[in-house]
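Take a look at the letters that make up each chain.
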Amino acid sequence: MNSLLEQLKISVSQALVAAFGEELANVDPLVAVASNPKFGDYQSNVALPLAKQLKLAPRAIAEKIIAKLEVDQICQKPEIAGAGFINFTIKPDYLVTQLSLIQADQRLGIEPVPSPQKVIVDFSSPNIAKEMHVGHLRSTIIGDAIANVLEFRGHDVLRLNHVGDWGTQFGMLIAYLKEAYPEALTTADVLDLGDLVSLYKKAKIRFDQDEEFKETARNEVVKLQAGNSESRHAWQLLCEQSRREFQVIYDLLDIKITERGESFYNPFLADIVAELDQQGLLQEDAGAKCIFLEGFTNKAGEPLPLIVQKSDGGYNYATTDLAALKYRIEQDNAERIIYVTDVGQSNHFAAVFQVAKKAGILPEKVEVVHVPFGLVLGEDGKKLKTRSGETIKLKELLDEAIIQARNDLESRLQEEGREETEEFINQVAQTVGISAVKYADLSQNRTTDYKFSYSKMLALQGNTAPYLLYAYVRVQGISRKGEIDFEKLGTHTKIVLAESTELILAKHILQLGEIIQEVERELLPNRLCLYIYELSQKFNQFYESCPILQVEEPSRTSRLILADLTARTIKLGLSLLGISVVERM
Ligand code: ARG
């Protein structure tokens, strides 16, 4: 089923051709949801930019389009407003038909794309032997939501965890552990990630101060990269320790992702450099092999290099990304590759993409996108830290959200004089706590920084997870109170859209498909959040002005259907954001 927006776009495009000829077949019909509901539901602004080309006043163009428009199934006669905007008001009958169609459909009328793409979403990607930080949390939450939306649309999505599990840091760590904790290199579970992180810091200090240690550490890297079995074993142990702790976070957040770390591409690094060399792209700069970039300059205006091999022969983060890109295109057959990292890596990706294009690794038909996001700030507006200035441990951050959700719930239960089982309380606190953290992140435009505030994200009012969950719970409450089995409501009852809140709600429900397509294109999950938030608001307005269980038929069943469709839309939308609902809270 085409969304309303799509149908109108198709109709306007056809009318353009009918009125002005084939040359306008590829003109964007510029249809969007009306900016002001006073003027209708949708509007097309296409007449304005065409004025010059067609040498006609926009209003005259709009009139000619309307004369050819065939939309009377869908809407009332389109009207021209202002300088030449065409306004569409959807007919209630049409809404009723569409609602009945989606009522019988598990997917709420949202069809999979006709030609699915192979998509890779590279997200989360923490570093071994280092703490997973809030930046990785953002990447995990946003990447998961994007992957969910694409999967729902039927794309073949490969979720990749590009963990930092390779490089000089391992030589340093192994060299240090050989001195300080030799047993950690041969036996599993001697250290936890916390130990590992502090040992890593000590190793780094030694590395920076002690030339002899630096040399030992370098030798360790060489041994590791040459495949020395003792070194490989030690490295394996270190990775496993980190992996176990990352998994705790993934389990809490219910994230599915496949690990394919930097080490995976190690065998291809030398080839990548050779390939760049063969193409004559490489230059030597102070012993390092690099490619000078276009459009990237230092303060003096000189072009900046992308270094692919250091003077000591070691490879860089960028070399791995070039190898990964080649592998993903040639072996995984990816057609769209999405990287979710903080905005600080924008230049890195732009440089990698530029070099890959030059080298012929990245063909025109493959789309690569860096999906950047801003910082997570504390309530003081500074980078999120513990009181003593340490980086916050993600496990603790998530646990705290659950604790605070539990406190809120318990005080509400007390106020309402409700008794609930421990199991219920645990389950609701867990879902609400985690949902609140995810939603607070996703509901922001990801490119901006946002302030992390437990009290804001857990509030029952405003654009928060609890507000949306509550709207869902309200509907389930109606079903319990009226002993209604929504699944048995049947599709033979005609939906009645008489009250304005019913109409507004119905129109909004039918916009889910448009929003999902927008997220699929623009990779901005906050658009979906806003949609669900507005849906919840519109539902609440409907709920306050339209009695449901106490009204006569056919309104009773009709309103029950609207309520059920709202709940199903909220549930589906939230599930795409990686958020699960509760039946009561
Ligand atoms: N490990 C990196 C970091 O912590 C993120 C990796 C992102 N993915 C990539 N293909 N570079 O910053």
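Because the structure is predicted, anything quoted here is derived from the model rather than measured.

Describing two packed helices takes the angle between their axes plus the distance from one axis to the other. It is the contact of helix H9 (residues 229–253) with helix H13 (residues 394–416), at a shortest axis distance of 10 Å, that shows an interaxial angle of 30°. Classified by the angle between their axes, H9 and H13 sit roughly parallel to one another. As H9 packs across H13, the resulting crossing turns out to be left-handed. Along its contact with H9, which presents Val248, Ile249, Leu252 and Leu253, the element H13 presents Leu394, Lys395, Leu398, Asp399 and Ile402. Of the residues assigned to the contact of H9 with H13, the class counts are seven nonpolar, no polar and two charged.

This brings us to the site of the ligand. Taken together, Asp122, Ser125, Asn127, His136, His162, Tyr317, Asp321, Tyr339, Thr341, Gln345 and Phe349 make up the full set of residues adjacent to the ligand. In this structure, a nitrogen atom belonging to the ligand sits 2.8 Å away from a side-chain N or O atom of Asp122. At a separation of 2.9 Å, a nitrogen atom of the ligand approaches a polar backbone atom of Ser125. For the ligand, the protein covers 90% of the area, taking 350 Å² as the surface of the free molecule. Only helix H11 (317–330) and strand E11 (336–342) provide two or more residues apiece to the shell around the ligand. Taken together, the residues of the shell around the ligand break down into three nonpolar, six polar and two charged.

This next bit is on the UniProt feature "short sequence motif: 'HIGH' region" (unreviewed entry) in the protein chain. Summarizing the sequence annotation, UniProt attributes the feature "short sequence motif: 'HIGH' region" (unreviewed entry) to residues 126–136 in the numbering used throughout. Along residues 126–136 the backbone is 27% helical and 0% strand, and the end-to-end C-alpha distance reaches 6 Å.

Compared with an ideal rise of 1.5 Å per residue, which puts 17 residues at 24 Å, helix H1 (residues 4–20) spans 24 Å between its outermost C-alpha atoms and is within 8% of the ideal. Among the residues of H1, Leu4, Leu5, Gln7, Leu8, Ser11, Val12, Ser13, Ala15, Leu16 and Phe20 are the ones counted as buried.

Counted by the stated rule, this structure contains 14 aromatic pairs. Seen in terms of ring centroids, Tyr265 and Tyr327 are 6.0 Å apart; in terms of plane orientation they differ by 75°. Their pairing is edge-to-face. Taken together, the positions of Tyr265 in the loop between strand E7 (258–259) and helix H10 (269–278) and Tyr327 in helix H11 put the pair 62 residues apart, joining distant regions of the chain. The exposure classification of Tyr265 matches that of Tyr327, with both residues buried. A centroid spacing of 5.1 Å and a plane angle of 90° characterise the contact between Phe452 and Tyr454, whose relative ring orientation is edge-to-face. Note on Phe452: relative accessible area 6%, which makes it buried. The exposure class assigned to Tyr454 is buried, which follows from its relative accessible area of 16%. Above the face of the Phe207 ring, Lys214 is positioned so that its terminal group lies 5.5 Å from the ring centre.

It is worth spelling out the environment of Ala465 at this point. Here Ala465 is to be found in helix H16 (residues 465–481). Its relative accessible area of 4% is what places Ala465 among the buried residues. Placed 73 residues apart in sequence, Ala465 and Lys538 show a C-alpha to C-alpha distance of 16 Å. Non-local contacts of Ala465, meaning those with residues more than four positions away in its chain, are made with Ser435, Ala436, Tyr439 and Met457.

Attention shifts here to the nonpolar core. Ranked by size, the top nonpolar core spans 162 residues in total, and within it Leu99, Ile338 and Leu577 carry the most contacts. Ranked by the residues each element gives to this core, the list is headed by helix H14 (residues 422–442), at eleven residues. Leaving out residues up to four positions away in the same chain, Leu577 has contacts with Ala145, Asn148, Lys438, Tyr439, Leu442, Pro525, Leu528, Cys529 and Ile532. One finds Val273, Ala334, Ala351 and Ile361 within the second-largest nonpolar core, a separate group that totals 36 residues.

Another aspect to go through is the sheet that holds strand E9 (residues 288–297). The three strands are arranged E8-E9-E10 in an open sheet whose pairing can be described as antiparallel. What marks the edges here is a single partner per strand, and that holds for strand E8 (283–285) and strand E10 (303–309). Between one strand axis and the next, the sheet turns through 60° on average, direction left out of account.

Across three bridges, the pairing between E8 and E9 is antiparallel. Bridge pairing in E9 places Asp285 opposite Ala288. In this structure, E9 lies alongside E10, joined through five bridges in antiparallel fashion. Following the sheet pairing, Phe292 is matched in E10 by Pro305. What sits between E9 and E10 in their antiparallel hairpin is a turn of five residues, with Gly301 showing a positive phi close to 85°.

Next up on the list: the packing of H16 against helix H20 (residues 555–576). It is the contact of H16 with H20, at a shortest axis distance of 9 Å, that shows an interaxial angle of 140°. Accordingly, the angle class assigned to the pair H16 and H20 is oblique. For the pair H16 and H20, the crossing hand works out as left-handed. Contact with H16, carried on its side by Leu468, Leu469, Ala471, Tyr472, Val475, Gln476 and Ile478, involves Leu560, Ala563, Asp564, Ala567, Ile570, Lys571 and Leu574 of H20 and no other residues of that element.

Here is what the cut-offs are and how they apply
- Residues numbered from 1 in each chain as written.
- Predicted model: local features only at pLDDT ≥ 70, side-chain atom pairs only at ≥ 80, totals over all residues.
- Heavy atoms only, no water.
- Axes fitted to C-alpha atoms, helices over the stretch in contact; angles between N-to-C directions.
- Helix = DSSP H or I, 4+ residues; strand = E, 2+ residues; numbered from the N terminus.
- Parallel < 35°, antiparallel > 145°, perpendicular 65-115°, else oblique.
- Left-handed = near helix turned anticlockwise from the far one by under 90°.
- Contact = heavy atoms within 4.5 Å.
- Nonpolar A, V, L, I, M, F, W, Y, C, P; charged D, E, K, R; others polar.
- Near = heavy atom within 4 Å.
- Polar contact = N/O pair within 3.5 Å; in protein donor to acceptor, adjacent residues only side chain to side chain.
- Areas by Shrake-Rupley, 256 points an atom, 1.4 Å probe, with all protein chains shown as cover.
- UniProt positions renumbered as here; feature names shortened; annotations may be inferred.
- Expected span 1.5 Å × (residues − 1).
- Buried < 20%, exposed > 50% of the residue type's maximum accessible area, 1.4 Å probe, protein only.
- Phe/Tyr/Trp six-rings, centres within 6.5 Å; stacked < 30°, edge-to-face > 60°.
- Lys NZ or Arg CZ within 6 Å of the ring centre and 35° of its normal.
- Core = buried A, V, L, I, M, F, W, Y, C linked by side-chain atoms within 4.5 Å.
- Pairing = 2+ DSSP bridges.

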